[in-house]
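# What the coordinates show
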Amino acid sequence: MGSAVREFTGIHTMIRGLVHLMDTSLSKARPGNSDQMRVVAELALFAVAGTRFHHQGEDTQYWPAVIANGADAAAFDSLSAEHHELDPLLDNMDRASKSLKAEPTDSRAFEALRQDFGPYRDHVLEHLNNEEPIFFPLLDKFGSTDTSVGALTSP
Ligand SMILES: [Fe+2]
Ligand SMILES: [Fe+2]
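The present account deals with the structure reproduced in this document. (Residues numbered from 1 in each chain as written. Chains lettered and ligands numbered in written order. Predicted model: local features only at pLDDT ≥ 70, side-chain atom pairs only at ≥ 80, totals over all residues.)

Attention now moves to the overall build of the protein. From N to C terminus, the protein includes four helices and zero strands. For the protein, the residues scored as buried account for 25% of the 155 residues in total. (Helix = DSSP H or I, 4+ residues; strand = E, 2+ residues; numbered from the N terminus. Buried ≥ 20, exposed ≤ 12 C-beta atoms within 10 Å, placed from the backbone.)

Right under this line is the structure:
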């Protein structure tokens, strides 16, 4: 396994960990406990921002870089489609998280976030599982031989 694959494996592991942490938090937090609600809302906002950042990096930097080095662009079609499918789920979580942050004692805001989290969780975990067998071998074969992911797109 090359170093770029190791770095992506670590990032994916962190995303999976964050999703599981949110799952536990949402199942154990008590509506009406405003301190817990603020933490849950911040966690959800971090998950939204982190997922968007990760996907934008893949769409605009890493996938174009390995395609430029010879990878088949069509290999990424299904993964790009999954990124786009996730966008509205992220928008829903973003909206619900901001509502809960603004009104941490509103139990309906918490319930809305719980409802919106489920589809996000299922989609992102399935996407990671789908992505790794496609992207990682291409990253190994067509990624830079430099030791850091950041060097992948270097001229
Ligand atoms: Fe992805
Ligand atoms: Fe990824």
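Turning our eyes to something else, we now look at the packing of helix 2 (residues 34-68) against helix 4 (residues 107-142). Contact pair helix 2 / helix 4: the axes reach a minimum separation of 11 Å and the direction vectors enclose 25°. Taken together, the axes of helix 2 and helix 4 are roughly parallel relative to one another. With respect to the hand of their crossing, helix 2 and helix 4 are arranged in left-handed fashion. Residues Met37, Ala44, Thr51 and Val66 of helix 2 lie in contact with helix 4, whose contacting residues are Phe110, Leu113, Phe117, Val124, Leu138, Leu139 and Phe142. Across the contact of helix 2 with helix 4, the residue classes break down as 10 nonpolar, one polar and no charged. (Axes fitted to C-alpha atoms, helices over the stretch in contact; angles between N-to-C directions. Parallel < 35°, antiparallel > 145°, perpendicular 65-115°, else oblique. Left-handed = near helix turned anticlockwise from the far one by under 90°. Contact = placed C-beta atoms within 7 Å. Nonpolar A, V, L, I, M, F, W, Y, C, P; charged D, E, K, R; others polar.)

The end-to-end C-alpha distance of helix 4 is 49 Å, a good match for the 52 Å that 36 residues give at a rise of 1.5 Å each. Of all bends in helix 4, the biggest is about 40°, found at Glu132, and the proline Pro133 comes one to four residues later. Among all positions in helix 4, only Ala109, Phe110, Leu113, Asp116, Phe117, Tyr120, Val124, His127, Phe135, Leu138 and Leu139 are buried. (Expected span 1.5 Å × (residues − 1). Bend = angle between axes of the 7 residues up to and from the residue.)

To continue, consider the packing of helix 1 (residues 3-28) against helix 4. At a minimum axis distance of 11 Å, the contact between helix 1 and helix 4 shows a crossing angle of 165°. Regarding the angle of helix 1 to helix 4, the classification is roughly antiparallel. Viewed along their axes, helix 1 and helix 4 form a crossing whose handedness is left-handed. Note on element contacts: helix 4 touches helix 1 through Arg114, Phe117, Arg121, Val124, Leu125, Leu128, Glu132, Phe136, Leu139 and Asp140, opposite Ala4, Val5, Phe8, His12, Ile15, Arg16, Val19, Met22, Asp23 and Leu26. Residue composition of the contact of helix 1 with helix 4, by class: 13 nonpolar, one polar and six charged.

Counting residues in hydrophobic clusters, the biggest one holds 18 residues, and the most contacted among them are Ala44, Met93, Leu100, Leu113, Phe117 and Tyr120. Only helix 2, helix 3 (77-102) and helix 4 provide two or more residues apiece to this core. Residues contacting Leu100, with those up to four places away along its chain left out, are Met37, Val40, Ala41, Ala109, Phe110 and Leu113. Judged by nonpolar contacts, the second largest core, of 11 residues, contains Phe8, Trp63, Ala71 and Phe135. (Core = buried A, V, L, I, M, F, W, Y, C linked by C-beta atoms within 7 Å.)

Take Glu126: it is sitting in helix 4. Sequence separation between Glu126 and Glu82 is 44 residues, and the spatial gap between their C-alpha atoms is 9.5 Å.

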